[in-house]
Amino acid sequence: MKKRVYVDMDGVLADFYNTAKKFLKENPQQPFPQSRWGFFLSLPEIENAISSFKELEKDYDMWILTRPSVKNVNCYTEKAQWLLDHIGGDILDRTIMSCNKSLVKGDYLIDDQLEYGQTEFEGKFLHFGSADYPDWKTVVEYLKKELN
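Residues numbered from 1 in each chain as written. Predicted model: local features only at pLDDT ≥ 70, side-chain atom pairs only at ≥ 80, totals over all residues. Heavy atoms only, no water.

Caption draft 1: The pairing of strand β1 (residues 4-7), seen in detail. Note: β1 against strand β2 (residues 61-66), four bridges, orientation parallel. Paired with Tyr6 across the two strands is Trp63, which belongs to β2. In the sheet, β1 pairs with strand β4 (residues 108-111) via three bridges, with the strands oriented parallel. In the sheet register, Val7 faces β4, and the bridge partner there is Ile110. (Pairing = 2+ DSSP bridges. Helix = DSSP H or I, 4+ residues; strand = E, 2+ residues; numbered from the N terminus.)

Next up, the structure:
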């Protein structure tokens, strides 16, 4: 049986932070860019994210585990559409949106944040963007080594 890997969307697959910074610079009067209609649909892919995700699908049971924005309930639909557009329709069957990521069971969690249950996740937490896992190349190398 393949080991299960959960991957966060914002800041791991999609470039939430640079998009938000740009929006805030252009619209300083609106403190929550993610509350704007279409915000999540406009997010560009993080370099090598989708190709790495698809490469790992060969050996792992890959899932999306993303935290919904409480500032924009439309984000549920927008995130699902982003995943559909960037990964494909079958990923929607393997997508979970949860405000507490420690509630799910799995072997690995790839996430850039620390405050939404990531550190209490029962499996191995790979802190994306940290010194240990700074990019997708490093994540893929680590998970390929874990297969042996």
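Once you've had a look at it, read on.
Caption draft 2: Focus on the pairing of β2. Across the six residues of β2, five count as buried, placing the element largely inside the fold. Alignment of β2 against strand β3 (residues 95-97), held across three bridges, turns out to be parallel. What sits directly across from Leu65, in β3, is Ile96. In this fold, the crossover linking β2 to β3 by way of helix α3 (residues 75-86) has right-handed handedness. (Buried < 20%, exposed > 50% of the residue type's maximum accessible area, 1.4 Å probe, protein only. Right-handed = clockwise from strand over helix to strand, strands pointing away.)

Caption draft 3: Examining the environment of Glu115 more closely. Mapped onto the secondary structure, Glu115 falls in the loop between β4 and β5 (124-127). Considering only alpha carbons, one finds Glu115 and Leu84, 31 residues apart in sequence, at a separation of 27 Å.

Caption draft 4: Molecular detail of α3. Its 12 residues place the ends of α3 16 Å apart at the C-alpha level, agreeing with the 16 Å of an ideal helix rising 1.5 Å per residue. Taken residue by residue, α3 has Cys75, Glu78, Lys79, Trp82 and Leu83 as its buried positions. Projection of α3 onto a plane perpendicular to its axis shows the buried side chains occupying an angular sector of 135°, all on one side. For α3, the exposed residues lying more than 90 degrees away from the buried face are Thr77 and Asp85. The inward-facing, buried residues of α3 contact α2 (49-56), β2 and β3. Two residues or fewer after α3 comes Gly88, characterised by a positive phi angle close to 125°. (Expected span 1.5 Å × (residues − 1). Arc of directions from axis to C-beta. Contact = heavy atoms within 4.5 Å.)

Caption draft 5: Up close: the sheet that holds β2. The five strands are arranged β3-β2-β1-β4-β5 in an open sheet whose pairing can be described as parallel. If you trace the sheet from one side to the other, it starts and ends with β3 and β5, each paired once. If you compare each strand with its neighbour and ignore which way they point, the axes differ by 20° on average. By the bridge criterion, four bridges tie β4 to β5 in an arrangement that is parallel. Along β5, the bridge assignment pairs Ile110 with Leu126. Relative to the sheet, α3 contacts β2 and β3, its axis offset from that of β3 by approximately 155°. (Axes fitted to C-alpha atoms, helices over the stretch in contact; angles between N-to-C directions.)

Caption draft 6: Here's a closer look at the environment of Ala49. Looking at the secondary structure, you find Ala49 in helix α2. Since its relative accessible area comes to 0%, Ala49 is described here as buried. Residues Ala49 and Trp136, spaced 87 residues apart in sequence, show a C-alpha to C-alpha distance of 6.2 Å. Leave out the neighbours within four places in its chain, and Ala49 touches Val12, Leu13 and Trp136.

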